[in-house]
Amino acid sequence: MRFGTLTDRYLARLIATPLIATLVIAAMLLTLDKMLRLFQFVVQEGGPVSVVWRMLANLIPEYMSLGIPIGLMLGCLLAFRRLAMSSELDVMRGVGMGYVRLLRVPYAYAIALALLNLAIVGFIQPYSRYAYEGIRFELRSGALGASIKVGEFTKLGKGLTVRIEDSRDGGRELSGIFVMNDSKDGKNLAVTAEHGQFLATDDPDTIILRLRNGVLVHDAPNFKEPRVLSFVGHDLPIDLPKMEAFRQRGGRDLEMTIPELARVAHDDRTPAKVKAEYRAEYHFRLVEVATMFLLPMLSLALAIPPKRSSSALGVFVSIVLLVTQHKINEYAASVAALGRIDPIIALWVPFLAFGALTWWMFRTIAFVPGGQPIGALERVADKGLKMLMRWFKAVRRYLPA
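Everything quoted here is computed from the prediction, not taken from an experiment.

Novice: Help me understand the overall build of the protein chain, please; the structure alone is not making it clear to me.
Specialist: Within the protein chain, the regular secondary structure consists of 11 helices and six strands. Evaluated residue by residue, the protein chain yields a buried proportion of 43% over its 401 residues. Pairs at least 24 apart in sequence give 64% of the contacts found in the protein chain among residues at least 6 apart. Of the accessible surface of the protein chain, which amounts to about 22,400 Å², a share of 63% is contributed by carbon and sulfur atoms.

Here it is, written out as structure tokens:
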């Protein structure tokens, strides 16, 4: 049978719906979790709310790299499960479509999504991570209260002098403030305030000094006498002096593309500790992408429940296996980064073990007559559920009415 038949298109639609839904839900959950912490961080640093959306936009590639494997797994698994539960799978096999033939469409998805994930983790995510850290640097640089020495007159730009008597909370809460601003045309502005706070603005070259409970004295050559104003709250714009430039990209392994990791890791001038970290990150990304080529076989093996069973245990087992594999990779990469074990052994041996388990499960369902890789788990889960129900009934009989 040729690729692109009505059956292929039907299976492609079945996979697409849960795949897209999983990607959207995973991205939303991860974004909402991070959004709360970013709002707290931006508020503490006194930045505008718009910075949160810029930071979240730079985190989307990282969330996509986590959501794509889960989406592929659940998309294929739920599609095959629907075919199995509606007996359409039996009809397809009856007309000569074996399990290997049915994997053509899932592997088309797997190849496309693996290439997309490789582009994300290998090239897009390093730049987005660098942009995210750059925004954090700009936001922290806007809180000048931490860099002003308490009890000393500090010059900020031309003609602007600030003195702070007390600084708390990392420079975000100031008290005993004196500000003097002299301009070239002879105008000058003197301000004293009990409390104040530096706030960032949308303009990276300007911040706001928000003052509370103070007195403002404004004098100019054309004034007969200085103007005095008492205020409860007053915002004083301040032009920022030249800040230290943000570091170059590549200061961390997460900000380096895959070719950059390979080049630096094989450079004889690279220190041994840094080389171990870069090699571990390099192989970790490759293993994460390579794992996606095992998911179509694993999803098919776990999607088909035993006859006369409608249990969704395979869905639970698939998520547990995928998450466990990811955590094993993370732990192996962290150990390899310390130089205790070669990254090839630490990361590729667990991958081969996972691949062997996947192949055994697929071979059992596809080539062994009556084979059912999750049949034993189904029976154990069913017995466990029945025992739990009997225990609840026994407990309810002894509880007072």
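What follows picks up the thread again.
Novice: Explain the packing of helix α9 (residues 313-337) against helix α10 (residues 343-367) to me, please; I cannot follow it from the model alone.
Specialist: Working note: a packed helix pair is described by the angle between its axes plus the distance between those axes. Axis separation between α9 and α10 bottoms out at 8 Å; the angle between their running directions is 165°. As judged from the angle between their axes, α9 and α10 are roughly antiparallel. α10 is crossed by α9, and the crossing has right-handed handedness. Mapping the contact onto sequence places Leu321, Gln325, Ile328, Asn329, Ala332, Ala333 and Ala336 in α9 and Pro343, Ala346, Leu347, Pro350, Phe351, Phe354 and Leu357 in α10. By residue class, the composition of the contact of α9 with α10 is 12 nonpolar, two polar and no charged.

Novice: Would you take a moment to explain the UniProt feature "transmembrane region" (unreviewed entry) in the protein chain for this structure?
Specialist: Here, UniProt's "transmembrane region" (unreviewed entry) annotation points to residues 12-32, 63-84, 104-124, 282-304 and 341-362. Between the C-alpha atoms that bound residues 12-32 there is a distance of 30 Å. The span itself is 100% helix and 0% strand. Helix makes up 100% of residues 63-84 and strand 0%, with an end-to-end C-alpha separation of 31 Å.

Novice: Looking at this structure, I do not really get a nonpolar patch on the surface. What am I missing?
Specialist: A cluster of nonpolar side chains, Leu385, Leu388, Met389, Trp391 and Phe392, forms an exposed patch at the surface whose accessible area comes to about 520 Å². On the secondary structure map, Leu388 appears in helix α11 (residues 375-398).

Novice: How do you make sense of the pattern of salt bridges when you look at a structure like this?
Specialist: Any two side chains of opposite charge can pair, given that their charged atoms come close. One pass over the structure, following the stated rule, counts 11 salt bridges. Across the salt bridge formed by Arg163 and Glu165, the nearest N and O atoms sit 4.0 Å from each other. Look at Glu165 and you get exposed, because its relative accessible area is 54%. When the shortest N-O distance is used, the salt bridge between Asp235 and Arg210 registers 2.9 Å. Here Asp235, found in strand β6 (residues 227-239), pairs with Arg210, found in strand β5 (residues 206-219); they are 25 residues apart in sequence, far enough to count as distant. Take Asp235: its relative accessible area is 38%, and that puts it in the partly exposed class. Here Arg210 falls in the partly exposed class, since its relative accessible area comes to 38%.

Novice: I keep staring at unusual backbone geometry and nothing clicks. Help me out?
Specialist: Trans peptide bonds make up most of the peptide bonds, and negative phi angles are found at most residues other than glycine. Unlike most non-glycine residues, Ser87 shows phi in positive territory, near 65°. Phi at Asn213 takes a positive value of approximately 55°, unusual for a residue other than glycine. Residue class for Asn213 comes out partly exposed when judged on its relative accessible area of 36%.

Novice: Would you take a moment to explain the side chain of Glu281 for this structure?
Specialist: In this fold, Glu281 is placed in helix α7 (residues 272-291). A distance of 2.8 Å separates the side chain of Glu281 from the side chain of Arg285, its partner in a polar contact.

Novice: Teacher, can you tell me more about α9 here?
Specialist: Along an α-helix, residues three or four apart share an orientation, since each turn contains 3.6 residues. Counted at 1.5 Å a residue, the expected span for α9 with its 25 residues is 36 Å, and the 36 Å between its end C-alpha atoms agrees. Directly beyond the C-terminal end of α9, a positive phi value near 85° is found at Gly339.

Novice: Which parts of the structure should I look at to understand the packing of helix α6 (residues 258-265) against α7?
Specialist: Running from N to C, α6 and α7 point in directions that differ by 145°, and their axes come no closer than 9 Å. Every pair of crossing elements has a handedness; the one defined by α6 and α7 is left-handed. Contact residues: Ile258, Leu261, Ala262, Val264 and Ala265 in α6; Lys275, Tyr278, Arg279, Glu281, Tyr282, Arg285 and Leu286 in α7. Of the residues assigned to the contact of α6 with α7, the class counts are eight nonpolar, no polar and four charged.

Novice: Please clarify how the packing of aromatic side chains should be interpreted in this entry.
Specialist: The geometry of an aromatic ring pair is captured by two quantities: the separation of the ring centres and the angle between the planes. Tallying each qualifying case throughout the model produces five aromatic pairs. Relative to Trp53, the ring of Phe39 lies with its centre 5.7 Å away and its plane at 85°, an arrangement referred to as edge-to-face. Here the residue Phe39 occupies a position in helix α1 (residues 6-45), and Trp53 occupies one in helix α2 (residues 50-85), the gap between them amounting to 14 residues. Looking at Trp53, the relative accessible area reads 46%, which means it is partly exposed.

What counts and how
- All chains use their own residue numbering, which begins from 1 and follows the written sequence.
- Restriction of local features to residues with pLDDT of at least 70 applies here, the model being predicted, together with a cutoff of 80 or more for giving and counting side-chain atom pairs; totals for whole chains, interfaces and linings are based on all residues.
- Computation of side-chain values: all heavy atoms of the structure, hydrogens and water removed.
- Secondary structure elements are defined from DSSP: runs of H or I of at least 4 residues count as helices, runs of E of at least 2 residues count as strands, and each element is numbered from the N terminus.
- Buried residues are those whose accessible area, probed at 1.4 Å on protein chains only, stays under 20% of the maximum for their type, while exposed residues exceed 50% and partly exposed ones sit between those limits.
- We call two residues in contact whenever any of their non-hydrogen atoms come within 4.5 Å of each other.
- Here the Shrake-Rupley method, with its probe set to 1.4 Å, supplies the accessible areas, and only the displayed protein chains count as covering residues.
- Interaxial angles span 0 to 180 degrees and are taken between N-to-C directions of axes, which are lines fitted to C-alpha atoms, for helices over the stretch in contact.
- Orientation is classified from the angle alone, with under 35 degrees giving roughly parallel, over 145 giving roughly antiparallel, 65 to 115 giving roughly perpendicular, and any other angle giving oblique.
- Crossings are sorted by hand: turned counterclockwise from the far helix by less than a right angle, the near helix makes the crossing left-handed, and turned clockwise it makes it right-handed.
- Residues are grouped as follows: Ala, Val, Leu, Ile, Met, Phe, Trp, Tyr, Cys and Pro are nonpolar; Asp, Glu, Lys and Arg are charged; all remaining types, including Gly, are polar.
- UniProt positions are given in the numbering used here, feature names are shortened, and annotations may be inferred rather than shown by experiment.
- A residue counts toward a patch only above 30% relative accessible area and without a salt bridge, and it is joined to like-charged neighbours within 9 Å or, for Val, Leu, Ile, Met, Phe, Trp and Tyr, to nonpolar neighbours within 5 Å.
- Counted as salt bridges are all cases of a side-chain nitrogen of Lys or Arg within 4 Å of a carboxyl oxygen of Asp or Glu.
- Polar contact is the term for a pair of N or O atoms within 3.5 Å; when the atoms are in protein, one must be able to donate a hydrogen and the other to accept it, and sequence-neighboring residues count only if both atoms are side-chain atoms.
- Between the first and last residue of a helix there are one fewer steps than residues, each counted as 1.5 Å, and that sum is the expected span.
- Each aromatic pair joins two rings of Phe, Tyr and Trp (for Trp, the six-membered one) with centres within 6.5 Å, and gets the label stacked for planes under 30 degrees apart, edge-to-face for over 60, and tilted for any other angle.

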